[in-house]
Amino acid sequence: METQALERPADLTIWRTAPASAPLAQPERYHTLREAIAAAASALTDPAKQPWIITEEGEILSPNWIRTYLN
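Procedures and definitions
- Residues numbered from 1 in each chain as written.
- Predicted model: local features only at pLDDT ≥ 70, side-chain atom pairs only at ≥ 80, totals over all residues.
- Heavy atoms only, no water.
- Core = buried A, V, L, I, M, F, W, Y, C linked by side-chain atoms within 4.5 Å.
- Buried < 20%, exposed > 50% of the residue type's maximum accessible area, 1.4 Å probe, protein only.
- Helix = DSSP H or I, 4+ residues; strand = E, 2+ residues; numbered from the N terminus.
- Contact = heavy atoms within 4.5 Å.
- Phe/Tyr/Trp six-rings, centres within 6.5 Å; stacked < 30°, edge-to-face > 60°.
- Arc of directions from axis to C-beta.
- Salt bridge = Lys/Arg side-chain N within 4 Å of Asp/Glu carboxyl O.

**Describing the nonpolar core**
Argument step 1. Ranked by internal contacts, the top residues of the largest apolar core, which has 13 residues, are Leu 12, Leu 33, Ala 36 and Ile 53.
Argument step 2. Elements that contribute at least two residues to this core include exactly β1 (10–16) and α1 (33–43).
Argument step 3. Top contributing element to this core by residue count: α1, with five residues.
Argument step 4. Sequence-distant contacts of Ile 53, defined by excluding residues within four places in its chain, comprise Ala 10, Asp 11, Leu 12, Leu 33, Ala 36, Ile 37, Ala 40, Glu 59, Ile 60, Leu 61 and Ile 66.

**Describing the packing of aromatic side chains**
Argument step 1. What the rule picks out here adds up to one aromatic pair.
Argument step 2. Centre to centre, the rings of Trp 65 and Tyr 69 are 5.3 Å apart; their planes meet at 10 degrees, and the pair counts as stacked. Here Trp 65 and its partner Tyr 69 are both found in helix α2 (residues 63–70), four residues apart, which amounts to about one turn of the helix.
Argument step 3. We classify Trp 65 as partly exposed; its relative accessible area is 28%.

**Describing α1**
Argument step 1. Listed as buried for α1 are Leu 33, Ala 36, Ile 37, Ala 39, Ala 40 and Ala 43. Along the axis of α1, the buried residues cluster in a sector spanning 165 degrees; they form a single face.

**Focus on the pattern of salt bridges**
It is possible for side chains of opposite charge to pair when their charged atoms get near one another.
Argument step 1. Using the criterion set out here, one finds three salt bridges in the structure.
Argument step 2. When the shortest N-O distance is used, the salt bridge between Glu 7 and Arg 34 registers 2.4 Å. Taken as a pair, Glu 7 in the segment before β1 and Arg 34 in helix α1 lie far apart in primary sequence, 27 residues in all.
Argument step 3. Judged by relative accessible area, which is 43%, Arg 34 ranks as partly exposed.
Argument step 4. Note that Arg 8 is salt-bridged to Glu 57, the shortest N-O span being 2.5 Å. In this pair, Arg 8 sits in the segment before β1 while Glu 57 sits in the loop between β3 (49–55) and β4 (60–61), placing the two residues 49 residues apart along the sequence.
Argument step 5. Judged by relative accessible area, Arg 8 falls into the partly exposed class, the value being 24%.
Argument step 6. By relative accessible area, Glu 57 is classed as partly exposed at 45%.

Keep in mind these values describe shape, not function.
Put into structure tokens, the structure is as follows:
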């Protein structure tokens, strides 16, 4: 991923692995991919949450990609 992409907007959706009674996931728009990754990092502390990011270019970043990037 190019470093310029980190400064572009991105959408974060946090899916829940809890039973179907959990509310549907809604994407949240962040001004930068950096901000979306930071928000996803806090979601990863809860095993019932699975953050997915879609970049401005349409690239889909999975929870595993986010974990790898953060490490």
